[in-house]
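Each chain is listed here by its residues.
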Amino acid sequence: MLAVRVDNSGWNSRWYSGSGIYRHTWLTVTGAVRIPLWGVHVTTPEVSAHHSVAHVEVTVEGAPADVRVTVLDPRGEPVSTGRAATDATGVAVLDLPVRAAALWSPDSPSLYTARAEVLVRGRVVDTVTTAFGIRSLVWNGEAGFRLNGETVKITGGCVHHDHGPTDDPAHGRRPGGPPPRLRRTLPDHRS
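Note that the structure is a prediction, hence the values are computed from the model and not measured. (Residues numbered from 1 in each chain as written. Predicted model: local features only at pLDDT ≥ 70, side-chain atom pairs only at ≥ 80, totals over all residues. Heavy atoms only, no water.)

1. Regarding the overall build of the protein
From N to C terminus, the protein includes one helix and ten strands. When the helices and strands of the protein are listed from N to C terminus, the series reads β-β-β-β-β-β-β-β-β-β-α. Residues counted as buried form 28% of the 191 residues belonging to the protein. Long-range pairs, those at least 24 residues apart, make up 49% of the contacts in the protein between residues at least 6 apart in sequence. (Helix = DSSP H or I, 4+ residues; strand = E, 2+ residues; numbered from the N terminus. Buried < 20%, exposed > 50% of the residue type's maximum accessible area, 1.4 Å probe, protein only. Contact = heavy atoms within 4.5 Å.)

Written as structure tokens, this is what we have:
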């Protein structure tokens, strides 16, 4: 049996509702040699329609080990595989080539998967899969934001779980509507 309790007796105020469990929760059971939570990092330092590179860093806890990483395309087919030993800090680093990549964009959100496997004496003892998009992002004062070499106009804002127990009405907006400062730039979505 596992019991989870929240102690809400610390520094709290009516302006901060961040104490408690209000999202889904999972319990992950692993072996002694494992990839920790957030232990796989994927970046794409080289991106083109012809040749891209998935730079994968995998952290392993518990003992030195080998790591095998397989990149799967959006259809789930393997397109690149590599193997490396962890270094003295427990990290294995691999640069895996991806030919003719399906580049991620809002119009075509193609996701690849990096499947990282920890091997001890040739036996797989842990596996973690991480989804990622192959895309290039550039921000500058001349061209603005460019995604895969194309200029993209950004409109809108990140309006999310804010304002604690006072919610929207206390901040001058209609329920479900954007804050007043964004009303000038966002279309009205009322039915």
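Read on, since the account is not over.
2. Topic: the layout of surface pockets
What the largest pocket holds in volume is close to 290 Å³. Every residue lining the largest pocket is counted, 14 residues in all, and those nearest its centre are P36, L37, W38, G39 and V128. Of all the secondary-structure elements, those providing two or more residues to the lining of the largest pocket are strand 1 (40-46) and strand 7 (123-132). For the lining of the largest pocket, the element with the most residues is strand 7, which contributes four residues. Residues that form the lining of the largest pocket fall into these classes: seven nonpolar, six polar and one charged. (1 Å grid on protein atoms, 1.4 Å probe; cavity = no way out; pocket = protein on both sides within 12 Å on 5 of 7 lines; lining within 4 Å. Points joined across faces, edges and corners; volume = space filled by probe spheres on them. Nonpolar A, V, L, I, M, F, W, Y, C, P; charged D, E, K, R; others polar.)

3. Re the packing of aromatic side chains
Evaluated as defined, the whole model comprises two aromatic pairs. Seen in terms of ring centroids, W139 and F145 are 5.0 Å apart; in terms of plane orientation they differ by 35 degrees. Their pairing is tilted. Here W139 falls in the exposed class, since its relative accessible area comes to 59%. (Phe/Tyr/Trp six-rings, centres within 6.5 Å; stacked < 30°, edge-to-face > 60°.)

4. A short note on the side chain of S105
Relative to the elements of secondary structure, S105 occurs in the loop between strand 5 (91-99) and strand 6 (112-120). Non-local contacts of S105, meaning those with residues more than four positions away in its chain, are made with L147 and N148.

5. Points about the sheet that holds strand 8 (residues 137-140)
Reading across the sheet, the three strands line up as 8-9-10 and stay open at both edges, with antiparallel pairing between neighbours. In this open sheet, the two strands that pair with only one neighbour each are strand 8 and strand 10 (150-151). (Pairing = 2+ DSSP bridges.)

6. Regarding the pairing of strand 2 (residues 51-59)
Sheet analysis places strand 1 next to strand 2, joined by five bridges and oriented antiparallel. Bridge assignment links T43 to a residue of strand 2, and that residue is H55. Connecting strand 1 to the antiparallel partner strand 2 that follows it, the hairpin turn spans four residues. Bridge count for strand 2 against strand 5 is nine bridges, and the pairing is antiparallel. Its bridge partner being in strand 5, H55 is matched across the sheet by D95.

Keep in mind that these numbers describe shape and distance, not what the molecule does.
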